[in-house]
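Okay, here's what each chain looks like letter by letter:
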Amino acid sequence: MNDKPKTKRPPKRWKRVLKWSVLTILVALFVWFEIAYWRSTNDCGKAGAPTNPMKAIVYCDYGVANLKLEEIEKPVPNDDQILVRVRAASVNPYDWHFVEGTPYVMRAMGVGLRKPKDTRLGVDFAGTVEAVGKNVTQFKPGDEVFGGRGGAFAQYVCPRATRAVALKPANMSFEDAASVNIAGITALQALRDKGKVQPGQKVLINGASGGVGTFAVQIAKSLGADVTGVCSTRNIDLVKSLGADHVIDYTKEDFTKSAERYDVMLDNVGNHSLSECKGVLTPAGKYVLIGGGGAGDQGFLGGLGKALWAMVFSKFVNQQMGMMMADANHNDLSILADMMQSGKLKPVIDRTYKLEQVPDAIRYVEQGHARGKVVITVE
Ligand SMILES: NC(=O)c1ccc[n+]([C@@H]2O[C@H](COP(=O)([O-])OP(=O)(O)OC[C@H]3O[C@@H](n4cnc5c(N)ncnc54)[C@H](OP(=O)(O)O)[C@@H]3O)[C@@H](O)[C@H]2O)c1
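Since the model is a prediction, treat every value here as computed from it, not as a measurement.

Colleague: Before we move on, could you go through the overall build of the protein chain and cite the residues and values that matter?
Modeller: On a plain count of helices and strands, the protein chain comes out with eleven helices and 15 strands. Looking at the protein chain residue by residue over its 379 residues, the buried ones come to 47%. Nonlocal contacts in the protein chain, meaning residues at least 24 apart in sequence, comprise 68% of its contacts between residues at least 6 apart. Counting only carbon and sulfur atoms, one obtains 55% of the accessible surface of the protein chain, whose full area is about 19300 Å². Positive and negative side-chain charges in the protein chain, numbering 48 and 38 respectively, have mean positions lying 11 Å apart.

Colleague: Outline the site of the ligand, supporting the account with residue identities and numerical values.
Modeller: Around the ligand there are 27 residues in total, and Ser 209, Ser 232, Tyr 250, Met 324 and Ala 370 lie nearest to it. Gly 210 has a polar backbone atom sitting 3.1 Å from an oxygen atom of the ligand. When the free accessible area of the ligand is taken as 930 Å², the share hidden by the protein chains comes to 88%. Sorting the residues of the shell around the ligand by element identifies α2 (93–100), α5 (181–194) and α6 (211–222) as the ones contributing at least two each. Split into classes, the residues belonging to the shell around the ligand amount to eleven nonpolar, 15 polar and one charged.

Colleague: Residues and numbers for the packing of α5 against α6, please.
Modeller: Between α5 and α6, the shortest axis-to-axis distance is 8 Å and the interhelical angle comes to 45 degrees. Taken together, the axis directions place α5 and α6 in an arrangement best described as oblique. In this structure, the crossing between α5 and α6 has a hand that is right-handed. Contact with α5, carried on its side by Ala 183, Gly 184, Thr 186, Ala 187, Leu 188 and Leu 191, involves Gly 211, Val 212, Phe 215, Ala 216, Ile 219 and Ala 220 of α6 and no other residues of that element. Taken together, the residues that form the contact of α5 with α6 break down as nine nonpolar, three polar and no charged.

Colleague: Just give me the short version of helix α11 (residues 358–366), but keep the residues and values in it.
Modeller: Across the nine residues of α11, seven count as buried, placing the element largely inside the fold. The set of residues buried in α11 consists of Val 358, Pro 359, Ala 361, Ile 362, Tyr 364, Val 365 and Glu 366. In this fold, the buried residues of α11 make contact with β1 (53–59), β2 (67–73), β3 (82–91), α2, β14 (349–354) and β15 (373–377).

Colleague: Before we move on, could you go through the pairing of strand β5 (residues 144–148) and cite the residues and values that matter?
Modeller: When you tally the buried positions in β5, you get four out of five residues, the bulk of the element. Where strand β4 (residues 124–132) lies against β5, five bridges are found, and the strand directions are antiparallel. Across the sheet, residue Ala 126 finds its bridge partner in β5, namely Phe 146.

Cut-offs used in this document
- Residues numbered from 1 in each chain as written.
- Predicted model: local features only at pLDDT ≥ 70, side-chain atom pairs only at ≥ 80, totals over all residues.
- Heavy atoms only, no water.
- Helix = DSSP H or I, 4+ residues; strand = E, 2+ residues; numbered from the N terminus.
- Buried < 20%, exposed > 50% of the residue type's maximum accessible area, 1.4 Å probe, protein only.
- Contact = heavy atoms within 4.5 Å.
- Areas by Shrake-Rupley, 256 points an atom, 1.4 Å probe, with all protein chains shown as cover.
- Lys, Arg positive; Asp, Glu negative; His and termini not counted.
- Charge placed at Lys NZ, Arg CZ, Asp CG, Glu CD.
- Near = heavy atom within 4 Å.
- Polar contact = N/O pair within 3.5 Å; in protein donor to acceptor, adjacent residues only side chain to side chain.
- Nonpolar A, V, L, I, M, F, W, Y, C, P; charged D, E, K, R; others polar.
- Axes fitted to C-alpha atoms, helices over the stretch in contact; angles between N-to-C directions.
- Parallel < 35°, antiparallel > 145°, perpendicular 65-115°, else oblique.
- Left-handed = near helix turned anticlockwise from the far one by under 90°.
- Pairing = 2+ DSSP bridges.

Dropping the structure here:
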């Protein structure tokens, strides 16, 4: 006699229902994706000839080869905006993420599955105010300003007066001022707000010679830190000249193998594992990841994969480890403007290109070896 307790099995009918439900959901998702993909479009070819034209960089399809200088309608400021005649703009890795539509998750998050939804490019700008909306009290025509606004690779932009725009210090060129917004604000917020850098603390900046890194070395010094910059051989003198107390040449030495410990590590490159980075932190150290990954190795998640992993990883270690997204705003731009006016901060400009050369500028930044900032001059 078999007296084993009988295990209850789900009836076969339920198995069938489950199987068909899963299949139906998968097919529905596939159909939804196909429809969304092929319906993904933008305003290219829909606008007539501009009545009041300006030149701007436009891309109707993903890829640097699709960037074009075109005449489009000059923007008109609304009541809360200012009209700025752009004199210079600067390039960030942010721009090539949009040009390439990578990491691909960006496309699913609203950037445009098949084609870019927003066909304009560029964020950082500096220029002269030409007109102001009726609610604007902060600026007047003739003011020289700098900041960030989508579509900055153009002759004109219309930022909101209360957002990421500030008066340009008189002693700064438009090129210098245009290089500040994304890189300068990222460095400031990463060190001051996330890293909470205190005088005398040891700060490591991985990727000290790039757009963010060159601002970060100077800002960390002005916060009173003992700064170590990581860069390649050709950039050692540059990083030292920005005030770094120590420089590690990554082509000769792996900082994660050193016995030195840091209170704050700003990671602009993301080329070491989280456990390796944790290994160089003091017991109460902070690791601030801002990005990483080149234009050719973004895949589906790009640097976001590491950021998500950091959220989990940090739960199991004493140190604070996580990613930071910069938030461009008027107050921080004004702080950076004051630092530049007083000579505490000096943008490093690698190269300048003309507006029609934006594709070359993007290709250069995509290589991942810019020394400071790449600037676009606009006539
Ligand atoms: N989270 C945010 O809000 C935010 C904001 C701004 C930027 N980002 C991200 O932060 C990253 C850096 O931005 P960025 O504007 O500074 O870029 P970038 O100007 O293109 O920086 C390139 C720099 O990285 C250096 N580099 C390359 N490989 C390195 C390595 N193995 N070790 C150390 N340095 C290395 C290069 O130096 P060599 O030529 O000497 O190799 C070059 O100076 C990007 O991934 C960007 O997308 C994020």
